[in-house]
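Coordinates in review
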Amino acid sequence: MWADDVIINFANGDYIEISVDTTKCELTNENIISVGNYISQWAQVGYHVYYTPGAIQFNSMNGSIYEQFNVDITDNTNIIRIDSNGISLNGTVITTCPKLANETYIQVGSQEGYTRSFATYNYIKVVNV
């Protein structure tokens, strides 16, 4: 379990980008990454992203209200990006979390759920424009 505190301004064009390799992932619901105001909790403002063999699950969280999207993947290395447009996978926006765009102090890490990820992170970067 880990979390890093981040100061960010999505309205100014700041973004977070994660290059993740899921080659070593084998379990269901491996928490690849969470981004939001309190990532150890399910009901937060932000995103929880999980790996299940052959797919990545994106959860857009607005407190206890959430939307879930499962995206099939064929490559082991994928780029997840969070910016003012929402969360995207390899350049395609999956969903949005409008409340997150207003947050300036957030956490990035993996704390939610019972299954930590076996993913390899090529990089996790926070870009402040």
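Note: the structure precedes this text.
Just so you know, these numbers come straight off a predicted model, no measurement behind them.

So, on to the pairing of strand β7 (residues 77-83). Here is the key point about a regular strand: its side chains alternate between the two faces of the sheet. Here strand β2 (residues 15-21) pairs with β7 via 6 bridges, running antiparallel. Note on β7: the bridge partner recorded for Ile 16 is Ile 82. Note: β7 against strand β8 (residues 86-89), 4 bridges, orientation antiparallel. Of the residues in β8, the one forming a bridge with Arg 81 is Ser 88. From the end of β7 to the start of β8, which pair antiparallel, there are 2 residues.

This model, assessed by the stated rule, comprises 3 salt bridges. The closest approach of N and O atoms between Lys 125 and Glu 17, which form a salt bridge, is 3.7 Å. Pair noted here: Lys 125 is in strand β11 (residues 120-127) and Glu 17 is in strand β2, with a separation of 108 residues, a long-range link. Members of the salt-bridge network, linked through shared partners, are Glu 17, Arg 81, Asp 83 and Lys 125.

Strands sit in the order β1-β10-β3-β4-β5-β6 across an open sheet of 6 strands; the sheet is antiparallel. Taken across any chain shown, the strands that pair with only one partner, and hence form the sheet edges, are β1 (2-7) and β6 (65-72). Strand-to-strand, the axes of this sheet are offset by a mean angle of 15°, without reference to chain direction. Sheet analysis places β1 next to strand β10 (residues 105-110), joined by 6 bridges and oriented antiparallel. Along β10, the bridge assignment pairs Trp 2 with Ser 110.

Basis of the calculations
- Residues numbered from 1 in each chain as written.
- Predicted model: local features only at pLDDT ≥ 70, side-chain atom pairs only at ≥ 80, totals over all residues.
- Heavy atoms only, no water.
- Pairing = 2+ DSSP bridges.
- Helix = DSSP H or I, 4+ residues; strand = E, 2+ residues; numbered from the N terminus.
- Salt bridge = Lys/Arg side-chain N within 4 Å of Asp/Glu carboxyl O.
- Axes fitted to C-alpha atoms, helices over the stretch in contact; angles between N-to-C directions.

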